[in-house]
Amino acid sequence: MMKTANYNIRLDPAIKSKAEETFAVFGLNLSEAINVFLHTSILQKGFPFELRHPNNNLLAAMEETEQIINDYTSGKRKPKPFATAREMFAAMDEEDEAENTNE
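Here we summarise the structure given alongside this text. As the structure is a prediction and not an experimental result, all values here were calculated from the model.

1. So, the side chain of Ser41
Among the structural elements, Ser41 can be located in helix α2 (residues 30–44). Judged by its relative accessible area of 13%, Ser41 is buried. What Ser41 contacts, discounting residues up to four positions off in sequence, is Gly46, Phe47 and Pro48.

2. Let's talk about the pattern of salt bridges
Summed over all chains, the structure comprises four salt bridges. Residue Lys80 pairs with Glu95 through a salt bridge whose shortest N-O separation is 2.8 Å. Residue Lys80 is located in the loop between α3 (56–74) and α4 (85–102), and its partner Glu95 is located in helix α4; the two are separated by 15 residues in the primary sequence. The partly exposed category is assigned to Lys80, whose relative accessible area is 49%. Overall, Glu95 belongs to the partly exposed group, its relative accessible area being 36%.

3. Some points on unusual backbone geometry
Despite not being glycine, Lys45 has its phi angle at roughly 55°, a positive value. Looking at the secondary structure, you find Lys45 in the loop between α2 and α3.

4. Remarks on α3
The end-to-end C-alpha distance of α3, which contains 19 residues, comes to 27 Å, matching closely the 27 Å that a straight helix rising 1.5 Å per residue would cover. Its side-chain oxygen placed 3.1 Å from the backbone nitrogen of Asn57, Asn55 serves as the N-cap of α3. Once α3 finishes, Gly75 follows within two positions and takes phi at roughly 90°, a positive value.

Cut-offs and rules
- For every chain, the first residue of the written sequence is number 1, and numbering continues from 1 onward in sequence order.
- The model is predicted, so local features are restricted to residues of pLDDT at least 70 and side-chain atom pairs to those at 80 or more, both for listing and for counting; the totals for chains, interfaces and linings are taken over all residues.
- Just so you know, side-chain values use all the structure's heavy atoms and leave hydrogens and water out.
- Helix and strand labels come from DSSP, where a helix needs a run of H or I of at least four residues and a strand needs a run of E of at least two; each type is numbered from the N terminus.
- A simple rule labels every residue: compare its accessible area, found with a 1.4 Å probe on the protein chains alone, to the largest value its type can have, and call it buried under 20%, exposed over 50%, or partly exposed in between.
- Contacts were defined at the residue level, with two residues in contact if any of their heavy atoms lie within 4.5 Å.
- One side-chain nitrogen of Lys or Arg within 4 Å of one carboxyl oxygen of Asp or Glu is enough to make a salt bridge.
- Helices are assigned an expected span. That span is 1.5 Å times one less than the residue count.
- Here a polar contact means two N or O atoms within 3.5 Å. Within protein one must be a hydrogen donor candidate and the other an acceptor candidate, and residues neighboring in sequence count only if both atoms are side-chain atoms.

Below you can see the structure in the form of structure tokens.
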């Protein structure tokens, strides 16, 4: 039997739950998934994925998304019903054109 070491970590409960659901698809519990991550990191001598600092466009998009979520949550914006995806995209194009005109 392999010896084990315990390590306690603090996680956001929502992140933990989503991670458990994600890894369950692969038949792994959270502890097993963390071991896979650590083994892969050791083999690759670093993170097993690219870490990059978000650029200004991404940061602006993230801020805009937060504002939109806050607007809907606070009732400042109301959802618009659309009959088709084409209708929704046309409305989005109109909003973009209006914003570009106002700049």
